[in-house]
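# Tertiary structure, described
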Amino acid sequence: MEQRTLDDRSGGDTPRTAPSDPGDATGPPPGDGAMPEPLERAVFGIHATHAVQLADRHGVFAFLIAHGASRTGSIAAATGTDEETLRRLLIALQAFGVLTGDDRDGYRVPPESAPYLDPDSPRYTGAFLQHLVTSTSGRLPQLADYVARGKARVDADLPAPFDAMYADEGSTATFLRAMWQLSFEVSDELVALAGLGAARHLVDVGGANGPFSVSALLRTPALRATVFDLPHVAPHLARSRDAYGLGERLRFAPGDFFRDELPEGDQLAFGYVLSDWDDDTCATLLRKARRACAPGGRVLVMDRLFDDDGHRPLATAVMNLSMHVETRGRHRTAGEYLGLLRDAGFTDCEVRRSSREKHLVIGHSAPDGG
Ligand SMILES: C[S@@+](CC[C@H](N)C(=O)[O-])C[C@H]1O[C@@H](n2cnc3c(N)ncnc32)[C@H](O)[C@@H]1O
């Protein structure tokens with residue numbers, strides 16, 4: 001029996017013949033028949049995030065970092081985990097390149113990954129992983145609805161982004177811990193890039209539990225800072241203030257930047273805030289910042305940046321998808337942020353890049369307030 005090929009559906013009048021076995025109809029796949037590695041990693045990525053988070057949660061990485069190369073049996077005994085499950089977890093983590101070694105010579109955390117997996121390191125990423133697994137992954141199925149019906153129609157029936165994030169004390173704490181881990185260490189560099197030596201009053205809009213403000217205050221003795229954020233954040237900022245002994249230099253101003261004007265200062269910071277919102281909302285927030293900014297002061301936008309082609313780096317591309325389901329925002333190129341700042345009336349706008357994933361875009365408020 002002859003079968004018509006897919007091409008024939010377009011109505012060609014000289015149908016080609018195809019073998020009767022449908023498996024042969026399209027011929028052999030290109031290459032050696034194995035799935036290309038980027039596709040393989042993407043297909044199995046769902047396992048990777050969960051495996052990394054589970055190993056982190058049960059202290060597997062902490063144990064390996066403290067004890068060096070170790071076999072499954074000793075890791076299972078030390079962490080109180082089921083040996084057979086752990087064996088499979090370690091094999092998968094090794095296959096993804098998260099671990100090196102094997103069960104004969106022992107598994108190891110590669111030195112370049114240790115800062116991100118060591119709970120005692122300032123780059124530790126455990127709370128962010130927990131947020132991905134307990135919050136983001138639960139919301140990703142929303143993408144299917146967005147694809148079918150559009151984000152605006154679906155979101156109309158959902159709580160506003162931060163109402164969902166702050167729905168209970170557990171998710172509030174996990175989210176704010178994740179923010180601290182994503183933002184505190186790089187803030188050292190951002191403070192240096194910003195050059196806050198002459199600054200007097202930093203207003204950290206959506207400053208959360210204070211990763212940027214704390215870093216700025218620790219490095220700038222004459223500075224004081226006000227974190228302006230939703231009331232839920234107050235006890236978390238108070239803990240940071242007390243932990244770093246900042247007293248009256250770090251204040252909290254509860255408010256809603258959609259309803260309220262921003263507190264006045266000479267440095268208005270937006271760290272990972274504008275990427276939560278669409279361009280019109282950003283324009284509104286930046287106009288408020290312009291009104292609150294002392295003449296000669298500055299706005300400091302700190303965020304991930306897309307390369308000019310809008311496709312890289314990978315973390316920005318993936319977080320851009322996260323922004324779609326978790327917020328109303330998106331990631332932008334440096335040029336797009338510069339445009340937003342200029343449209344809001346800031347001048348001498350410029351980009352200063354850090355060595356990490358959060359960069360600085362600065363705009364100046366004219367000295368005559370014009
Ligand atoms: C993604 S977090 C950024 C935290 C921190 N600035 C950083 O760089 O890590 C966004 C912050 O905006 C705050 N936020 C969201 N909606 C707000 C609103 N309507 N008014 C004031 N703050 C708001 C959130 O509470 C949260 O702290």
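Not measured: the values here are computed from a predicted model.

Quick look at the layout of surface pockets now. Each pocket or cavity is described by its volume, and for the largest pocket that value is around 1600 Å³. Lining the largest pocket are 38 residues, and of these Thr 49, Phe 128, Leu 129, Leu 132 and Leu 314 sit closest to its centre. Of all the secondary-structure elements, those providing two or more residues to the lining of the largest pocket are helix 1 (37-43), helix 2 (45-57), helix 6 (114-117), helix 7 (126-139), helix 11 (169-194) and helix 15 (314-326). Grouping the constituent residues of the lining of the largest pocket by class yields 21 nonpolar, 10 polar and seven charged. Looking at which domains feed residues into the lining of the largest pocket, each of domain 1 (42-123) and domain 2 (132-364) supplies at least three. As a volume, the second largest pocket reaches approximately 670 Å³. Taken together, the elements giving at least two residues each to the lining of the second largest pocket come down to helix 7, helix 10 (161-165), helix 11, helix 12 (211-219), strand 4 (224-229) and helix 15. By residue class, the composition of the lining of the second largest pocket is 22 nonpolar, 10 polar and eight charged.

End to end, helix 2 covers 18 Å across 13 residues, agreeing with the expected 18 Å (1.5 Å per residue, within 8%). Within the sequence span of helix 2, burial applies to Gly 45, Ala 48, Ala 51, Val 52, Gln 53, Ala 55 and Asp 56. Lining the buried residues of helix 2 we find helix 1, helix 3 (60-67), helix 5 (83-95), helix 6 and helix 7. Positioned one or two residues after helix 2, Gly 59 has a phi angle of 75°, which is positive.

Attention now moves to the packing of helix 4 (residues 72-79) against helix 5. Remark: helix 4 packs on helix 5, axes separated minimally by 9 Å, with the N-to-C direction vectors making an angle of 120°. Judged by the angle between their axes, helix 4 and helix 5 are oblique. Handedness of the helix 4/helix 5 crossing: right-handed. Across from Thr 72, Gly 73, Ile 75 and Ala 76 in helix 4, the residues of helix 5 making contact are Glu 83, Leu 86, Arg 87 and Leu 90.

Within the sequence span of helix 13 (residues 234-243), burial applies to His 236, Leu 237 and Ser 240. End-on view of helix 13: buried residues confined to an arc of 100°, all on one side of the axis. In helix 13, the exposed positions angled more than 90 degrees off the buried face are occupied by Arg 239 and Asp 242. Among the structural elements, helix 11, helix 12, strand 4 and strand 5 (250-254) are those in contact with the buried residues of helix 13. Just beyond helix 13, the residue with positive phi is Gly 245, at close to 55°.

Moving on: the nonpolar core. Judged by nonpolar contacts, the single largest core of 44 residues is most densely connected at Leu 262, Leu 268 and Phe 270. For Leu 262, the contacting residues outside a window of four places in its chain are Val 205, Phe 228, Phe 257, Leu 268, Phe 270, Leu 285, Lys 288, Ala 289 and Ala 292. By size, the runner-up hydrophobic cluster in this structure holds 24 residues, among which are Leu 202, Val 214, Leu 217 and Ala 225.

So, on to the confidence of the model for the chain. Here the chain averages 92 in pLDDT, and 91% of its residues register 70 or above. Mean pLDDT across the elements of the chain ranges from a minimum in helix 10, with 89, to a maximum in strand 3 (residues 201-205), with 99. Under a pLDDT of 50 for its full length, residues 1-20 has, in the predicted model, 16 contacts with residues more than four places off or in other chains.

On to the packing of aromatic side chains, then. Within this structure, the stated rule accounts for 10 aromatic pairs. Note on Phe 162 and Trp 277: the rings are 6.2 Å apart at their centroids and 40° apart in plane angle, and the pair reads as tilted. A residue pair is termed long-range when its members are at least 10 positions apart, and Phe 162 in helix 10 and Trp 277 in the loop between strand 6 (265-271) and helix 14 (279-292) qualify at 115 residues. There is no split in this pair, since Phe 162 and Trp 277 are both buried.

Remark: helix 7 packs on helix 15, axes separated minimally by 10 Å, with the N-to-C direction vectors making an angle of 55°. For the element pair helix 7 / helix 15, the angle class is oblique. The element helix 7 and its partner helix 15 pack so that their crossing is left-handed. Contacts between helix 7 and helix 15 pair Phe 128, His 131, Ser 135, Thr 136 and Arg 139 from the former with Met 319, Ser 322, Val 325 and Glu 326 from the latter. Class assignment for the residues of the contact of helix 7 with helix 15 results in three nonpolar, four polar and two charged.

Moving on: the domain arrangement of the chain. The domain boundaries assigned to the chain delineate domain 1 (42-123) and domain 2 (132-364). With six residues of domain 1 in contact, the opposing surface of domain 2 contributes four residues. Summed over both partners, the interface of domain 1 with domain 2 buries about 530 Å², with 61% contributed by carbon and sulfur atoms. A per-residue breakdown of the area domain 1 buries against domain 2 is headed by His 50, Pro 122 and Arg 123, which together make up 68% of the total. Residues Glu 185 and Arg 123 are paired through a salt bridge, measuring 2.8 Å at the closest nitrogen-oxygen approach. Between domain 1 and domain 2 we count one residue pair in polar contact (both at pLDDT 80 or more) in total. Residue composition of the side of domain 1 that touches domain 2, grouped by class: two nonpolar, three polar and one charged.

Rules used throughout
- Residues numbered from 1 in each chain as written.
- Predicted model: local features only at pLDDT ≥ 70, side-chain atom pairs only at ≥ 80, totals over all residues.
- Heavy atoms only, no water.
- 1 Å grid on protein atoms, 1.4 Å probe; cavity = no way out; pocket = protein on both sides within 12 Å on 5 of 7 lines; lining within 4 Å.
- Points joined across faces, edges and corners; volume = space filled by probe spheres on them.
- Helix = DSSP H or I, 4+ residues; strand = E, 2+ residues; numbered from the N terminus.
- Nonpolar A, V, L, I, M, F, W, Y, C, P; charged D, E, K, R; others polar.
- Domains from an automatic or database assignment.
- Expected span 1.5 Å × (residues − 1).
- Buried < 20%, exposed > 50% of the residue type's maximum accessible area, 1.4 Å probe, protein only.
- Contact = heavy atoms within 4.5 Å.
- Axes fitted to C-alpha atoms, helices over the stretch in contact; angles between N-to-C directions.
- Parallel < 35°, antiparallel > 145°, perpendicular 65-115°, else oblique.
- Left-handed = near helix turned anticlockwise from the far one by under 90°.
- Arc of directions from axis to C-beta.
- Core = buried A, V, L, I, M, F, W, Y, C linked by side-chain atoms within 4.5 Å.
- pLDDT = per-residue confidence, 0-100.
- Phe/Tyr/Trp six-rings, centres within 6.5 Å; stacked < 30°, edge-to-face > 60°.
- Buried area = accessible area lost by both parts, 1.4 Å probe.
- Salt bridge = Lys/Arg side-chain N within 4 Å of Asp/Glu carboxyl O.
- Polar contact = N/O pair within 3.5 Å; in protein donor to acceptor, adjacent residues only side chain to side chain.

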